[in-house]
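A look at the structure
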Amino acid sequence: MAAAGNDAGTTVSTPADYRALHAVSLAQPDDFWLPAAGAVDWTTEPTVALDRSSAPFYRWFPDATLNTSHNALDRHVDAGRGDRPALVYDSAMLGTQRTYSYSELRDEVAVFAGALADLGVGKGDRVLIYLPMIPEAVIAMLASARLGAIHSVVFGGFAPAELAARIRDARPTAIVTASGGLEPGRRVEYLPAVHEALTLAGSLGMPVVAKAREGFGHGIADYADESGPEGRWVDWDDAVSAAEAVPPVAVAATDPLYILYTSGTTGSPKGVVRDNGGHAVALTWTMRAIFGIGPGDVMLTASDVGWVVGHSYIVYGPLLAGATTVLYEGKPVGTPDAGTFGRLIEQHEVKVLFTAPTALRAVRRVDPEAALIRSHDLSSLTTLFTAGERLDTGTSAWIADVLGVPVVDNWWQTETGWPICASPRGLADLPLKPGSPSLPSPGFDVAILDHDGTPVPAGTEGSIALRLPLPPGTLTTLWGSDDRYRDSYLSAFEGYYTSGDSGYVDDDGYVFVMGRTDDVINVAGHRLSTGAIEQVLAQHPAVAECAVLGLQDPLKGQRASGYVVLKAGMAPDTDTLTAELVHLVRATIGPVADFRSVVVVEALPKTRSGKILRKTMRQMAAGEPLVVPSTIEDPSVLEALEPLLRPGPAT
Ligand code: COA
Ligand code: AMP
């Protein structure tokens, strides 16, 4: 069993074999993960996998050093595979394609790393990346990793205030951006957004490198002459032409590779910290064992580099595996039509497609028979993976029929960086169960707990918790705040990480994820905090108090709906108020919140101590039976709200 995790080795053929493998990963983590580490190039080889000495802050491969960018690029070039395609950029927005071989991508990364170094970026410094789905996003991430710096990618759909919050927290040495991104029917100008964010963040004065894209209203020249404290503006191409390639810098396996901010239950985003060594080992293992992808295979992950799925399976996973990744700039529908996934599969001979269920529902809504996808040659495709939200059985059956391949739901979070549960398709053809992301992955010890932290029997729903330690590649802490990490994840149940999801495990050990237990919602695969939206609504002069809930939505999974109580004497026109609140959320959080619905109510249900009963409202909105809490101040308020909250026709 010593070779349990080795990339070169194990295959399992039955569920019992897989369970045995999983048991080893929990009982003897070193026996599982040290062999798996053999698939990574180290500058100092690990002799130990797990360091428990600072529990609950666990560390993986504490005595090893490596460089992640070397593992993603140079090692494949050094092995004579430099001519193989590493990255295919396919822009449906521009109608263009470009392929980068491993040598080309390595060279571009090495020079851009040189440019960042010239701007003062070194080991441990942060590089904030605010880029659309263009190759420069991948290049900037890998260049940061090459220097041993720490990148923090911010999704382009966030507004300046959200960007500013991340700048304030990460305190980057440099920012990398572009003139803008392309959304259907509109151009999203990034430079004014970055400028505003820098101003909001308090003029931190760092250099801003911007890639010029044609057709945008704002160019670097609009800002380059500014001598103010908002930043030094540098053109990407100028920076690159003045720079020299630099070699990878070895870092400790435990050093951070990136920070990725995600929504928590409050308005302030949480900076999930990922290390270098555990991340490289875990992702490399998943590529073969879960996704069945190896050198020369093509993977298309239709997500965004700003989300964790994009980090792991657009950028790092496929490149660590020596595979080809397709960077797709466009939507599943409307760019130009609902056959896009079929075209991409055919043109790039995609073996594995990974997307969010909402994207599939969007295709189905427009083309219920999927005639457009079916018109393409799909023969290269072996598997469809979905994540980001629950895969409903209707969508799963529909797309399985369309594509003629297994559809593999996998459950994970920004925090875990890779699937907590998935069917390991590269190891074995284990039975899939509709509605379930299958069995826990190695190193994930899934438990279902009741509110006291007691494990519940199979089939009973409870909080999904993960017994510590978490496996390699998962979060090591929250940026700048060990305390917040502990409070957010480790304090609810002693010895466990709290996932924030509820669900159950069946008699065969298959996990079923039912939804969040907290104030996080999932809109079109995008994770949002209702608390953050509430903070924005509360800024409106007419709003006395408010609650935001995620209501079920047939396309996007959930949609945010705001319930507002007006200040005494305020009686604005409802349409005007709605328009103002919608605008405020869009301008403060960003279009990605897709906030459209406002309901003015007389009162919100509260406890006698004045706390709004959001959980009760959430349960009503989810269609669960109404249980009136004993602490409620005035039950009639809840009764009055009930018809407004019960699931009804979606907008
Ligand atoms: N930059 C700027 N704006 C963005 C953006 C970005 N990167 N991404 C989305 N937006 C905007 C959209 O343009 C839209 O703006 P609008 O209100 O002016 O139309 C708004 O944010 C909402 O976008 P979205 O939620 O994406 O809705 P949509 O109707 O444009 O598309 C889907 C619906 C289902 C096609 C799309 O959400 C999708 O492909 N989702 C998959 C999500 C995903 O990959 N998640 C990662 C987990 S795997
Ligand atoms: P994010 O951190 O943005 O990846 O969002 C993580 C959250 O999305 C999880 O906590 C779940 O609530 C939800 N999620 C992700 N994948 C799945 C899945 N396969 N099934 C059910 N929920 C999922």
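Remember, it's a predicted structure, so these values are computed and weren't measured experimentally.

**Topic: the overall build of the protein chain**
Scanning the protein chain for helices and strands turns up 20 helices and 30 strands. Over its C-alpha atoms the protein chain spans a radius of gyration of 24 Å, differing by no more than 12% from the 26 Å that the globule rule assigns to 651 residues. Its C-alpha atoms give the protein chain principal-axis dimensions of roughly 70 × 65 × 55 Å. When burial is assessed residue by residue, the protein chain has 59% of its 651 residues classed as buried. Considering only intrachain contacts with a sequence separation of at least 6, the fraction spanning at least 24 residues in the protein chain is 71%.

**With respect to the site of ligand 2**
What surrounds ligand 2 is a group of 15 residues, the closest being Asp409, Thr414, Asp501, Arg516 and Arg527. Between ligand 2 and the protein, one listed contact pairs a nitrogen atom with a backbone N or O atom of Glu389 at 3.5 Å. Of the residues that constitute the shell around ligand 2, the class distribution is four nonpolar, five polar and six charged.

**Here's the deal with the packing of helix α2 (residues 29-37) against helix α10 (residues 277-289)**
At a closest axis distance of 9 Å, the pairing of α2 and α10 adopts a crossing angle of 85°. With respect to each other, α2 and α10 are oriented roughly perpendicular. Between α2 and α10, the contacting residues are Phe32, Trp33, Ala36 and Ala37 on the first element and Val281, Ala282 and Trp285 on the second. Across the contact of α2 with α10, the residue classes tally to seven nonpolar, no polar and no charged.

**Quick notes on the nonpolar core**
Among the nonpolar cores identified, the biggest contains 118 residues, and Trp33, Phe61, Leu105, Phe112 and Tyr316 are the most heavily contacted of them. If you look at the next biggest cluster of nonpolar residues, it comprises 45 residues, including Leu163, Ala210, Trp233 and Val598.

**Points about the UniProt feature "domain: AMP-binding enzyme C-terminal" (unreviewed entry) in the protein chain**
As recorded in UniProt, the feature "domain: AMP-binding enzyme C-terminal" (unreviewed entry) lies at residues 533-611. For residues 533-611, helix accounts for 25% and strand for 32%, while the C-alpha atoms at its two ends are 18 Å apart.

**Notes on the site of ligand 1**
Near ligand 1 you find 23 residues, and of these Glu183, Arg186, Ala524, Lys556 and Arg586 are the closest. In this structure, Gly156 approaches ligand 1 through a main-chain N or O atom, which is 3.4 Å from a nitrogen atom. Protein chains bury 82% of the 940 Å² of accessible surface belonging to ligand 1 in isolation. Residues belonging to the shell around ligand 1 are distributed by class as follows: eleven nonpolar, six polar and six charged.

**Here we look at the confidence of the model for the protein chain**
Mean pLDDT over the protein chain works out to 93, with 96% of the residues at or above the 70 mark. Here residues 1-9 is modelled with pLDDT under 50, and outside its nearest four sequence neighbours on either side it reaches 24 contacts, counting other chains as well.

**Some words on the sheet that holds strand β25 (residues 511-516)**
An order of β21-β22-β24-β25 is seen for the four strands of this open sheet, with the pairing classed as antiparallel. Every other strand in the sheet has two partners, leaving β21 (446-449) and β25 as the edge strands with one partner each. Within this sheet the neighbouring strands show an average axis-to-axis angle of 50°, counted without direction. Two elements, strand β24 (residues 496-505) and β25, share five bridges in a ladder whose sense is antiparallel. For Ser502, the partnering residue across the bridge sits in β25 and is Gly515.

**Things to note about the pattern of salt bridges**
This model, assessed by the stated rule, comprises 26 salt bridges. Across the salt bridge formed by Asp90 and Arg343, the nearest N and O atoms sit 2.9 Å from each other. With Asp90 in strand β4 (residues 85-91) and Arg343 in helix α12 (residues 340-348), this pair connects stretches of sequence that are 253 residues apart. Here Asp594 makes a salt bridge to Arg596, at a shortest N to O gap of 2.6 Å. The buried category is assigned to Asp594, whose relative accessible area is 17%.

**As for the packing of aromatic side chains**
Applying the stated criterion across every chain yields a total of 26 aromatic pairs. Consider the rings of Trp33 and Trp60, whose centres lie 6.5 Å apart with planes at 75°: the pair is edge-to-face. With Trp33 in helix α2 and Trp60 in strand β2 (residues 59-60), this residue pair connects regions lying 27 residues apart in the sequence. No difference in accessibility class separates Trp33 from Trp60, as the two residues are buried. Aromatic pair Phe291 and Phe385: ring centres 4.5 Å apart, planes at 55°, arrangement tilted. One end of the pair, Phe291, is in the loop between α10 and β16 (298-301); the other, Phe385, is in strand β19 (residues 383-386), with 94 residues separating them in the sequence. The pair formed by Phe291 and Phe385 is uniform in burial state, with each residue classed as buried. Each residue in the set Phe32, Trp33, Trp42, Trp60, Phe61, Trp285, Trp418 and Phe444 is aromatic and connected to the rest through ring pairs, giving one cluster. Note that Arg98 overlies the ring of Tyr100, its terminal NZ or CZ placed 3.9 Å from the centroid. Over the face of the ring belonging to Phe158 we find Arg166, whose NZ or CZ atom lies 4.6 Å from the ring centre.

**Things to note about the pairing of strand β26 (residues 520-523)**
One ladder, built from four bridges, connects β26 with strand β27 (residues 526-529); its direction is antiparallel. Looking at the pairing, Ile521 lines up with Leu528 of β27. Here β26 folds back onto β27 in antiparallel fashion, the turn holding two residues, of which Ala524 has a positive phi close to 55°.

**Here we look at helix α5 (residues 135-146)**
Since the α-helix advances by 3.6 residues per turn, residues separated by three or four positions end up pointing in the same direction. Between its first and last C-alpha atoms α5 spans 16 Å; for twelve residues at 1.5 Å apiece the expected length is 16 Å, and the two agree. The element α5 is largely enclosed, with a buried count of twelve among its twelve residues. Within α5, the full set of buried residues consists of Pro135, Glu136, Ala137, Val138, Ile139, Ala140, Met141, Leu142, Ala143, Ser144, Ala145 and Arg146. Positive backbone phi, at 75°, marks Gly148, one or two positions downstream of α5.

**A closer look at unusual backbone geometry**
Following Ala55, the chain continues to Pro56 via a peptide bond in cis, the omega torsion being 10°. Topologically, Pro56 is positioned in the loop between β1 (50-51) and β2. A cis amide bond links Leu468 with the next residue in sequence, Pro469, at an omega value of 0°. Relative to the assigned elements, Pro469 resides in the loop between β22 (462-467) and β23 (477-478). Non-glycine residue Glu349 carries a positive phi angle of around 50°. Tracing the backbone shows Glu349 in the loop between α12 and β18 (352-355). For Glu349, a relative accessible area of 57% gives the class exposed. Look at Ala370: it is not a glycine, yet its phi comes out positive at around 55°.

**Considerations on the sheet that holds strand β5 (residues 96-101)**
Ordered in space as β5-β4-β17-β16-β18-β19-β20, the seven strands form an open sheet in which the pairing is mixed. At either margin of the open sheet sits one strand with a lone partner, and together these are β5 and β20 (407-409). Here the average twist between neighbouring strands, direction ignored, is 20°. Relative to β19, β18 runs parallel, the two being bridged by four bridges. Counterpart to Leu353 in the pairing with β19 is Leu384. This element, helix α4 (residues 102-118), spans β4 and β5 of the sheet and lies at about 90° to β5.

Conventions adopted
Residues numbered from 1 in each chain as written. Chains lettered and ligands numbered in written order. Predicted model: local features only at pLDDT ≥ 70, side-chain atom pairs only at ≥ 80, totals over all residues. Heavy atoms only, no water. Helix = DSSP H or I, 4+ residues; strand = E, 2+ residues; numbered from the N terminus. Rg over C-alpha atoms; globule rule 2.2 N^0.38 Å. Buried < 20%, exposed > 50% of the residue type's maximum accessible area, 1.4 Å probe, protein only. Contact = heavy atoms within 4.5 Å. Near = heavy atom within 4 Å. Polar contact = N/O pair within 3.5 Å; in protein donor to acceptor, adjacent residues only side chain to side chain. Nonpolar A, V, L, I, M, F, W, Y, C, P; charged D, E, K, R; others polar. Axes fitted to C-alpha atoms, helices over the stretch in contact; angles between N-to-C directions. Parallel < 35°, antiparallel > 145°, perpendicular 65-115°, else oblique. Core = buried A, V, L, I, M, F, W, Y, C linked by side-chain atoms within 4.5 Å. UniProt positions renumbered as here; feature names shortened; annotations may be inferred. Areas by Shrake-Rupley, 256 points an atom, 1.4 Å probe, with all protein chains shown as cover. pLDDT = per-residue confidence, 0-100. Pairing = 2+ DSSP bridges. Salt bridge = Lys/Arg side-chain N within 4 Å of Asp/Glu carboxyl O. Phe/Tyr/Trp six-rings, centres within 6.5 Å; stacked < 30°, edge-to-face > 60°. Lys NZ or Arg CZ within 6 Å of the ring centre and 35° of its normal. Expected span 1.5 Å × (residues − 1).

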